[in-house]
Amino acid sequence: MNRSFRKTLLCSTVLAAVLSSSALAQEGPVTFEFSFSNPGARSMGMAGAFAALADDATAAYANPAGLTQLHVPEVSLETRAWSYETPFVTGGRISGEPSGEGIDTVSGIRHGSSNSSTTGLSYLSFIYPKDRWSFALYRHTWADFSLQSEVNGLFGLNEDGEEDRSEDILANTDVEVINTGFSVAYQIHPRLSLGASLVNYSAKLDSLSVEYAHEDESFYLPNPFTDDLIDTTYSYTSSTNGWSINAGFLWNLSENWSLGGFYREGPTLDFHVTEVVGAGQDEFPVGTVELEAKFPLSLPDIYGLGLAYRSENGAWTVSFEWSHIEYSSITDGLDTRVFDPGQIMIEDGDELRFGVEHVFLHAHPIIALRVGGWLDPAHSVGSGPTAGPFEAAIFPGGEDQWHWVGGLGFVFSNFQIDFGLDLSRQADVASLSFVYWF
């Protein structure tokens, strides 16, 4: 198998880090679960269609212009429970007939999955309004995951029509990204507000992908993954602290209709990649550093528009949102020593969200019910124009996926409690939010 593909296969670990929370395709050795959805249980219950509402503390992230709708100081916090089943290619046959030997007995690709779950503080904020101004401080957990994967026995015919086997790989990854923002909003007209946030992000990533050789006599047997078979160890690390911006507007078109828009700049992560030769390779001495590279990796910019309708008495709210995520920017400027840009590609995606809220205004406490759904577009790592058969099998692209959501809220005299649930084929998220105003 050519060296370029081996690097591309293993370095997909890095690329997969920027994908959103429900990528469907088998993207390589490991995937991460980043979420570009808005924080807050109320927003979750309305499928994140919040740009045109932005009327609670999570507006500091969703659309900072909405902060001018808050008239008293308030604090809020959210805890979330995440549960993911992330698929990956673990073996099988991409072409040709099975030999019937060892683990090469069934046509088609074998899939594995990495199951991950975690619970923790997701969002924390303080809002202080003053006349036409509003100010906010917030902390948002963007990602917090530990994932493992294994490729063991992927067979097929190469470009020359010869029987081949991809490298066998064990991969482990830990990733955490925390955003801390300061937001300012100003009401320039009774119906129009503008807002912006300066965001500091702190990212930590440690990923280790170990490639194992296999002996000719054990070509069709499971790889035992012993130290003497280690071909190359690939280490990816990032410890980045930097800045980005978030801006938005909110325009009340009438007493019932509102329009909101936002732009979020994706942060740039500094990655350090190291390749070290193992005992299973005879081309260089064990311990030789074959490659050491540092390069920036830009996460996607996001922009979108939302439209919301409120009934005359405020009992019903319907909200829609469209957002565009520039996933293709991830591959721009990648270090060609590490990635082959012709073998992999990522396409931009458009998210569509809609949510409905009904408030029982005469209940004590006031009760709110919410339902909605959102489309997570296909945006997995796909094979590029120069990809061979193994690349095409491991990077097939993705499929659109629908998320269905619901929520429940209780409003008391000076505090509010909200619950939210987001369900999809591979990712389930539950949220509990608390807001106290004084």
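Keep in mind it's a predicted model, so treat the numbers as computed, not measured. (Residues numbered from 1 in each chain as written. Predicted model: local features only at pLDDT ≥ 70, side-chain atom pairs only at ≥ 80, totals over all residues. Heavy atoms only, no water.)

Draft legend 1. Geometry of empty space enclosed by the protein. As enumerated under the stated definition, the model contains 6 cavities of 30 Å³ or more in all. Of the pockets and cavities examined, the largest cavity occupies roughly 170 Å³. As for the largest cavity, its lining consists of 16 residues, of which Tyr 61, Asn 179, Arg 264, Glu 265 and Pro 267 are closest to the centre. Of all the secondary structure elements, the ones that give two or more residues to the lining of the largest cavity are β3 (133-151), β7 (192-212) and β8 (230-252). The element that contributes the greatest number of residues to the lining of the largest cavity is β8, accounting for 3 residues. Among the residues making up the lining of the largest cavity, the classes are represented as 10 nonpolar, 4 polar and 2 charged. (1 Å grid on protein atoms, 1.4 Å probe; cavity = no way out; pocket = protein on both sides within 12 Å on 5 of 7 lines; lining within 4 Å. Points joined across faces, edges and corners; volume = space filled by probe spheres on them. Helix = DSSP H or I, 4+ residues; strand = E, 2+ residues; numbered from the N terminus. Nonpolar A, V, L, I, M, F, W, Y, C, P; charged D, E, K, R; others polar.)

Draft legend 2. Seen up close, the side chain of Thr 317. Note that Thr 317 resides in strand β13 (residues 316-325). Discounting residues that sit within four places of it in the chain, Thr 317 has contacts with Met 46, Leu 53, Tyr 309, Arg 310, Gly 355, Val 356 and Glu 357. (Contact = heavy atoms within 4.5 Å.)

Draft legend 3. Representation of the pattern of salt bridges within the structure. In total, this model carries 11 salt bridges according to the counting rule given. Glu 357 is the salt-bridge partner of Arg 42, the closest N and O atoms lying 3.1 Å from each other. One end of the pair, Arg 42, is in helix α2 (residues 41-45); the other, Glu 357, is in strand β15 (residues 349-360), with 315 residues separating them in the sequence. Taken individually, Arg 42 and Glu 357 each receive the classification buried, so the pair is uniform in this respect. Salt bridges sharing partners connect three or more residues here, namely Arg 42, Asp 55, Arg 310, Glu 357, Arg 370 and Asp 418. (Salt bridge = Lys/Arg side-chain N within 4 Å of Asp/Glu carboxyl O. Buried < 20%, exposed > 50% of the residue type's maximum accessible area, 1.4 Å probe, protein only.)

Draft legend 4. Focus on the packing of aromatic side chains. Counted by the stated rule, this structure contains 15 aromatic pairs. Ring geometry for Phe 155 against Phe 219: centres 5.8 Å apart, planes inclined by 50°, an arrangement best described as tilted. A residue pair is termed long-range when its members are at least 10 positions apart, and Phe 155 in strand β4 (residues 154-157) and Phe 219 in the loop between β7 and β8 qualify at 64 residues. Each of the two residues, Phe 155 as well as Phe 219, counts as buried. (Phe/Tyr/Trp six-rings, centres within 6.5 Å; stacked < 30°, edge-to-face > 60°.)

Draft legend 5. Main features of the layout of surface pockets. There is about 640 Å³ of room inside the largest pocket. In terms of lining, the largest pocket is formed by 31 residues, of which the most central are Arg 42, Asp 55, Asp 56, Val 411 and Gln 416. Every element with two or more residues in the lining of the largest pocket is listed here: α2, β1 (74-93), β15, β16 (366-376), β19 (415-423) and β20 (427-437). Quantified by volume, the second largest pocket comes out at close to 260 Å³. Considering the residues around the second largest pocket, the lining is formed by 16 residues, among which Gln 69, Pro 190, Asn 252, Ser 254 and Arg 310 are closest to the centre. Every element with two or more residues in the lining of the second largest pocket is listed here: β7, β8 and β9 (257-264). Partitioning the lining of the second largest pocket into residue classes produces 4 nonpolar, 9 polar and 3 charged.

Draft legend 6. Focus on a negative patch on the surface. A cluster of like negative charges, contributed by Glu 215, Asp 216, Glu 217, Asp 227 and Asp 228, occupies part of the molecular surface. With respect to the secondary-structure elements, Asp 227 resides in the loop between β7 and β8. (Patch = residues over 30% accessible without salt bridge, like charges linked within 9 Å, V, L, I, M, F, W, Y side chains within 5 Å. Areas by Shrake-Rupley, 256 points an atom, 1.4 Å probe, with all protein chains shown as cover. Lys, Arg positive; Asp, Glu negative; His and termini not counted. Charge placed at Lys NZ, Arg CZ, Asp CG, Glu CD.)

Draft legend 7. Highlighting unusual backbone geometry. Following His 364, the chain continues to Pro 365 via a peptide bond in cis, the omega torsion being 0°. Looking at the element boundaries, Pro 365 is found in the loop between β15 and β16. Phi angles above zero are rare outside glycine, and Asp 131 is one such case at about 55°. The residue Asp 131 is located in the loop between β2 (108-130) and β3 in this model. With phi around 55°, Phe 225 is a residue other than glycine that occupies positive phi space. By the secondary structure assignment, Phe 225 is in the loop between β7 and β8.

Draft legend 8. Representation of the pairing of β13. Relative to β13, strand β12 (residues 302-310) runs antiparallel, the two being bridged by 9 bridges. The residue of β13 that forms the bridge with Leu 307 is Phe 320. The loop that links β12 with its antiparallel partner β13 comprises 5 residues; one of these, Gly 314, has a positive phi angle of about 80°. Where β13 meets β15, 10 bridges bridge the pair, whose relative direction is antiparallel. Looking across to β15, one finds that Ser 319 is bridged to Gly 355. (Pairing = 2+ DSSP bridges.)

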